[in-house]
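Here are the chains, one letter per residue:
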Amino acid sequence: MDKIADLITGEAILQWLIIFLLIAYFVYKEYPEFKRRMTGGTKKEMEDERREKGLEERLVKVESRLADVEGKLKKDYISLEELLRAEQEDKQSMQTSLEEREITMRALLAIIDALHEMGANGPTKIAHDEITNYLTKQAHKPGK
């Protein structure tokens, strides 16, 4: 026992204390890296995992934006169909209106002819000529 007591001196205790503090400091600084390595994660794996997570987030954002664009396109398509339908209705209405005006003009011409036959010669002759000229022009227009 004396030999052991001789070995334990103040200087030896100080050396052991310094060694213990160095080990504690090393463990304190390196524990997170050591723990990560023990759980199977290396720096490269961690970077790959982070990169993959970033790519997944970007993919979710892109999918969300794509869904927004698709929704807007559907709305635009519906609006376009409504406009085309309204244009077709307007064309039909205009065609009907043109036919009605022509019938009205011909009826006016017939009335003026009847008045002319009854003896009204002044303004009825002028109106008859104007309506006849108008109907002739309309008949010879391109696209008719």
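Every chain is numbered independently, its residues counted from 1 as its sequence is written. Thresholds applied to this predicted model are a pLDDT of at least 70 for local features of residues and 80 or more for the giving and counting of side-chain atom pairs; totals over whole chains, interfaces and linings are not thresholded and use all residues. Hydrogens and water are ignored here; the side-chain numbers use all heavy atoms of the structure.

K.L.:
How should the overall build of the protein be read in this particular structure?
P.N.:
Looking only at helices and strands, one finds four helices and zero strands in the protein. Secondary structure of the protein in N-to-C order comes out as α-α-α-α. Throughout this description, buried means an accessible area under 20% of the type-specific maximum (1.4 Å probe, protein chains only), exposed means over 50%, and partly exposed covers the range between. A buried classification covers 6% of the 144 residues belonging to the protein. Accessible surface computed for the protein: about 13400 Å², of which carbon and sulfur atoms make up 62%. In DSSP terms, a helix is any run of H or I states spanning at least four residues, a strand is any run of E spanning at least two, and both are numbered starting from the N terminus. Accessible surface area values rest on a Shrake-Rupley calculation with a 1.4 Å probe, where residue burial reflects the displayed protein chains alone.

K.L.:
Which parts of the structure should I look at to understand the pattern of salt bridges?
P.N.:
It is possible for side chains of opposite charge to pair when their charged atoms get near one another. Salt bridges are identified by distance alone: a Lys or Arg side-chain nitrogen within 4 Å of an Asp or Glu carboxyl oxygen. Under the definition given, this model contains four salt bridges. When the shortest N-O distance is used, the salt bridge between Arg51 and Asp48 registers 3.0 Å. Here Arg51 and its partner Asp48 are both found in helix 3 (residues 43–117), three residues apart, which amounts to about one turn of the helix. What makes Arg51 exposed here is its relative accessible area of 51%. Residue classification places Asp48 among the partly exposed residues on the basis of a relative accessible area of 30%.

K.L.:
Would you take a moment to explain the side chain of Thr124 for this structure?
P.N.:
On the secondary structure map, Thr124 appears in helix 4 (residues 122–139). Among residues more than four places away in sequence, those in contact with Thr124 are Ile112, Leu115 and His116. Should any heavy atoms of two residues lie within 4.5 Å, those residues are considered in contact.

K.L.:
What's the story with helix 4 in this structure? I'm lost.
P.N.:
Owing to its 3.6 residues per turn, the α-helix aligns residues three or four sequence positions apart on the same side. Here helix 4 spans 27 Å end to end across 18 residues, near enough to the 26 Å set by a 1.5 Å rise per residue. For helix 4, the complete set of buried residues consists of Thr124, Ile131 and Leu135. Seen along its axis, helix 4 keeps its buried residues to an arc of 35°; they face one direction. Of the exposed residues in helix 4, those oriented more than 90 degrees away from the buried face are Ile126, Glu130 and Lys137. In this scheme, a helix's expected span is set at 1.5 Å multiplied by one less than its residue total. Arc, as used here, means the arc of the directions from the helix axis to the C-beta atoms.

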